[in-house]
Amino acid sequence: MPTSARTYGQFCGLARALEIVGERWSLLVVRDLVLGPKRFNDLQRTLPRIPVSILTSRLNELEEAGVLRRRVLSQLDAGVVYELTEYGAELDQIVLDLGLWGARSLSYPKPDDAFTLDTAIISLYATFQEEAAAGVHLNYELHHLGGEMIVHAMVDDGALKASAGALPDADLVIEPQGPALFDLLTGSLSAQEAIDGGKVRLEGDPAHLDVFTRLFHIPPAPERSTGLSLH
């Protein structure tokens, strides 16, 4: 167990898991390693608000717990990267499920909220509806932040492969205006409403946007009850 971690004093798998990845920033470090190895400086860019000392501590703790490891690159620069171990990689679906659960309580982003390339890719995996993708063969290119950030999603009969960068010959290129993509994902804005209202710029068959909203979706959270609940 990481020596700096707080313990709950319980013989419980969940308590043990929280002792390993429950410290502030730990799961976000794991999230940013799900897509592949990263250098220390890469993690500083994807987690812009984390102090250097805290990032160092979290990496050491996660390494001590067997969640990640350090590896020296074979290239000439011989840099060090951090990557998930086999044990740590088992957290990938947990991270996606927890991300989707949290997304159900999101509102629009604040002006100073960080939205990174990795976050854009992870959000595609987290919101992907595998059942709706059965028999679907479509490729999408998404432009975020006015085209400054581009990711793509390739859907092939229930499977998804998402990555950074443009995708030649994509079936549909989507450039949302403002929070339109979030509204499309939550269903508060239909594909046709987005098109009619000029909330998205498209290149390709507009019918593929409606399919997109079925392939990538954030279900609504249950309505909050008020007052005392009596059963």
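Please refer to the structure placed before this passage.
Quick caveat: nothing in here was measured; it's all calculated off a predicted structure.

Caption draft 1: Spotlight on the overall build of the protein. If you tally the helices and strands in the protein, you get 10 helices and 7 strands. Structurally, the protein occupies a C-alpha span of about 65 × 55 × 35 Å along its principal axes. Burial statistics for the protein: of 231 residues in total, 39% are counted as buried. Within the protein, residue pairs in contact and separated by at least 24 positions form 60% of the contacts whose partners lie at least 6 positions apart. For the protein, the exposed surface amounts to about 13,700 Å²; the carbon and sulfur share of it is 54%. Computed over 19 positive and 32 negative side-chain charges, the inter-centroid distance for the protein is 9 Å.

Caption draft 2: Main features of the packing of helix 2 (residues 26-34) against helix 4 (residues 52-64). For the pair helix 2 and helix 4, the least separation of the axes is 10 Å and the interaxial angle reads 75°. Between helix 2 and helix 4, the crossing angle belongs to the class labelled roughly perpendicular. Here Ser26, Val29 and Val30 of helix 2 lie close against helix 4, whose contacting residues are Leu55, Arg58, Leu59 and Leu62. Classifying every residue of the contact of helix 2 with helix 4 by side-chain character gives 5 nonpolar, 1 polar and 1 charged.

Caption draft 3: Main features of the packing of aromatic side chains. For the coordinates displayed, the defined rule picks out 4 aromatic pairs. Relative to Phe216, the ring of Phe128 lies with its centre 5.6 Å away and its plane at 45°, an arrangement referred to as tilted. Taken together, the residues Phe128 in the loop between helix 7 (117-127) and strand 3 (137-144) and Phe216 in the segment after helix 10 (207-215) connect sequence positions 88 residues apart. Phe216 carries the same exposure label as Phe128, and that label is buried. Ring pairing ties together the aromatic residues Phe128, Tyr140, Phe212 and Phe216, which thus form one cluster.

Caption draft 4: Looking closely at the pattern of salt bridges. Overall, the coordinates contain 12 salt bridges when judged by the stated rule. The shortest N-O distance in the salt bridge between Asp42 and Arg45 comes to 2.3 Å. Taken together, the residues Asp42 and Arg45, both in helix 3 (residues 40-46) and 3 residues apart, mark about one turn of the helix. Its relative accessible area of 58% is what places Arg45 among the exposed residues. Glu61 serves as the salt-bridge partner of Arg58, at 3.2 Å between the closest nitrogen and oxygen. In this pair, Arg58 and Glu61 both sit in helix 4, 3 residues apart, roughly one turn of the helix. A residue is classified by how much of its surface remains accessible, and Arg58, at 10% relative accessible area, is buried. Note on Glu61: relative accessible area 9%, which makes it buried.

Caption draft 5: Region of interest: the nonpolar core. Of all hydrophobic cores here, the largest spans 33 residues; its most connected members are Tyr140, Val155, Leu209, Phe212, Leu215 and Phe216. Non-local contacts of Leu209, meaning those with residues more than four positions away in its chain, are made with Leu172, Ile174, Leu184, Ala191, Ile195, Val200 and Leu202. In this structure, Leu43, Leu47, Val67 and Leu84 belong to the second largest nonpolar core, which totals 19 residues.

Caption draft 6: Region of interest: the side chain of His152. As for its placement among the helices and strands, His152 is situated in strand 4 (residues 149-156). Overall, His152 belongs to the buried group, its relative accessible area being 9%. A distance of 2.9 Å separates a polar atom in the side chain of His152 from the backbone oxygen of Gly165. Non-local contacts of His152, meaning those with residues more than four positions away in its chain, are made with Leu124, Tyr140, Glu141, Lys161, Ala162, Ser163, Ala164, Gly165, Ala166 and Leu167.

Caption draft 7: Focus on the sheet that holds strand 5 (residues 159-164). Ordered by their spatial adjacency, 5 strands build an open sheet running 5-4-3-6-7, and the pairing between neighbours is mixed. Only two strands of the sheet have a single partner each, and these edge strands are strand 5 and strand 7 (200-204). Mean inter-strand twist for the sheet, computed between neighbouring axes without regard to direction, equals 15°. Bridge count between strand 4 and strand 5: 6 bridges; the pairing is antiparallel.

How each quantity is defined
- Residues numbered from 1 in each chain as written.
- Predicted model: local features only at pLDDT ≥ 70, side-chain atom pairs only at ≥ 80, totals over all residues.
- Heavy atoms only, no water.
- Helix = DSSP H or I, 4+ residues; strand = E, 2+ residues; numbered from the N terminus.
- Buried < 20%, exposed > 50% of the residue type's maximum accessible area, 1.4 Å probe, protein only.
- Contact = heavy atoms within 4.5 Å.
- Areas by Shrake-Rupley, 256 points an atom, 1.4 Å probe, with all protein chains shown as cover.
- Lys, Arg positive; Asp, Glu negative; His and termini not counted.
- Charge placed at Lys NZ, Arg CZ, Asp CG, Glu CD.
- Axes fitted to C-alpha atoms, helices over the stretch in contact; angles between N-to-C directions.
- Parallel < 35°, antiparallel > 145°, perpendicular 65-115°, else oblique.
- Nonpolar A, V, L, I, M, F, W, Y, C, P; charged D, E, K, R; others polar.
- Phe/Tyr/Trp six-rings, centres within 6.5 Å; stacked < 30°, edge-to-face > 60°.
- Salt bridge = Lys/Arg side-chain N within 4 Å of Asp/Glu carboxyl O.
- Core = buried A, V, L, I, M, F, W, Y, C linked by side-chain atoms within 4.5 Å.
- Polar contact = N/O pair within 3.5 Å; in protein donor to acceptor, adjacent residues only side chain to side chain.
- Pairing = 2+ DSSP bridges.

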